[in-house]
Every structure is written in structure tokens, then in C-alpha cells.
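One-letter residues, chain by chain:
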Amino acid sequence: MVEVRVLGVAIDSEIHHIILLKPIGEPQAVGTVLAIVVGEQEATSTLIALSGEAPPRPLSHDLMKTLIDTVDAHLERVDVTRIDEGIFYAEITLGTAAGPFVLDARPSDSVALALRAGAPIFVADDVLQAEGIPAALVESGGNVEETPDREQSLDEFKDFLEHVDPEDFQS
């Protein structure tokens, strides 16, 4: 396993939201970056966690963190363990009084939760080797975490939360 940091959130040419993970200690534009496609809400939740801002209402990841804290557990780590047919898989390891407890989870939720809990994020060596892209393709002279769209995305998501109608989610 390789410990990574969240480099930022990007949008590709097909308007997919992507979380960018880079091994800790690699210089800018050197090495590899793992790009994981996530949903818009997970991307926004990750951006909010990266910014340190509080949303107007708790998001699902805030609720998960509160639940973990309430039962006297803590998030030990997040592991992106494998990729199968284009789908990434992750595990969340909770520290509990009874010992470690491992949960299957989506990487998008795992990363957003790890950022809130200050927990380390790891990627399996074979996943990074197979799916990593050259960092030079992603990183330019600027800091990816400070994208100009970040503030706009946060504002759009806050507006969404204020105006969402539960009927929008009925099937």
C-alpha cells in the first residue's frame, strides 16, 4: 500500500468529477496520480472537506463522522484496494474498543470521510501501477487544490441544499 493525499478534484472533458490522489512525498509533476471518477455530490463534499468549510446542513459524510465519534470509534485508515471492470473498491478501517473493524465502501465516500477525520488514505500498489497516470499530465505550475471553480462548486452545492425537494429523489 502507498499512502496518498488528495491532490484535488477535477472535471474531465465529459464533465465527470474526478478525485485526484497522489503518493505522499512525490514532487509536483513527478510520479503518478490516481484519478477516480465520483459523483457530483461526493466531489462537492470532498471539496468542502478540503476547504475546511462547514456546509449549511450536515452532509452524509459529516453524519458518518458524527456517528463514528458518538460510538467512541475512530477512523484509522482508508484503503483503495482494487479495481474490477473499471470500478474502484475501498475499505474503511475503524478503531473500536473491540478492535479494528473493516467496512467495504466506495472510494468516493471513503475519501470524503477520511478528510473529515484526518485519517490516512492508502492505495494498493498494483492499483496505482495499473491505473495511475503521469503526474505531469495533471499537475501544472499551479496548485490543483486551488482551482478557480472550487468556490463556485461550493456555492452551487449550498444553493442545491437550500432548494432541494425530496420529491426530486423519488423513483
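Residues numbered from 1 in each chain as written. Predicted model: local features only at pLDDT ≥ 70, side-chain atom pairs only at ≥ 80, totals over all residues. Heavy atoms only, no water.

Some words on the overall build of the protein
A count of helical and extended segments in the protein gives six helices and eight strands. Overall, the protein shows an N-to-C arrangement of helices and strands of β-β-β-α-α-β-β-β-α-β-α-β-α-α. Looking at the 171 residues of the protein, the share that counts as buried comes to 37%. Summed over its atoms, the accessible surface of the protein is roughly 9,700 Å², and 51% of this surface lies on carbon and sulfur atoms. (Helix = DSSP H or I, 4+ residues; strand = E, 2+ residues; numbered from the N terminus. Buried < 20%, exposed > 50% of the residue type's maximum accessible area, 1.4 Å probe, protein only. Areas by Shrake-Rupley, 256 points an atom, 1.4 Å probe, with all protein chains shown as cover.)

Some points on the environment of lysine 65
With respect to the helices and strands, the residue lysine 65 is situated in helix 2 (residues 60–70). Put simply, lysine 65 and alanine 112 are 47 residues apart on the chain and 10.0 Å apart in space, counted from C-alpha to C-alpha. Apart from residues no more than four positions distant in its own chain, lysine 65 is found in contact with Leu113, Arg116 and Ala117. There is a polar contact of 2.5 Å between the side chain of lysine 65 and the side chain of aspartate 69. (Contact = heavy atoms within 4.5 Å. Polar contact = N/O pair within 3.5 Å; in protein donor to acceptor, adjacent residues only side chain to side chain.)

Thoughts on the confidence of the model for the protein
Mean pLDDT over the protein: 85, with 81% of residues reaching 70 or higher. Ranking the elements of the protein by mean pLDDT puts helix 6 (residues 149–163) last with 56 and strand 7 (residues 121–123) first with 98. (pLDDT = per-residue confidence, 0-100.)

Details of the packing of aromatic side chains
All chains considered together, the criterion is met by zero aromatic pairs. The ring of phenylalanine 122 carries arginine 77 above its face, with NZ or CZ at 3.9 Å from the centroid. Of note, arginine 82 hangs over the ring of tyrosine 89, and the distance from its end group to the ring centre comes to 3.8 Å. (Phe/Tyr/Trp six-rings, centres within 6.5 Å; stacked < 30°, edge-to-face > 60°. Lys NZ or Arg CZ within 6 Å of the ring centre and 35° of its normal.)

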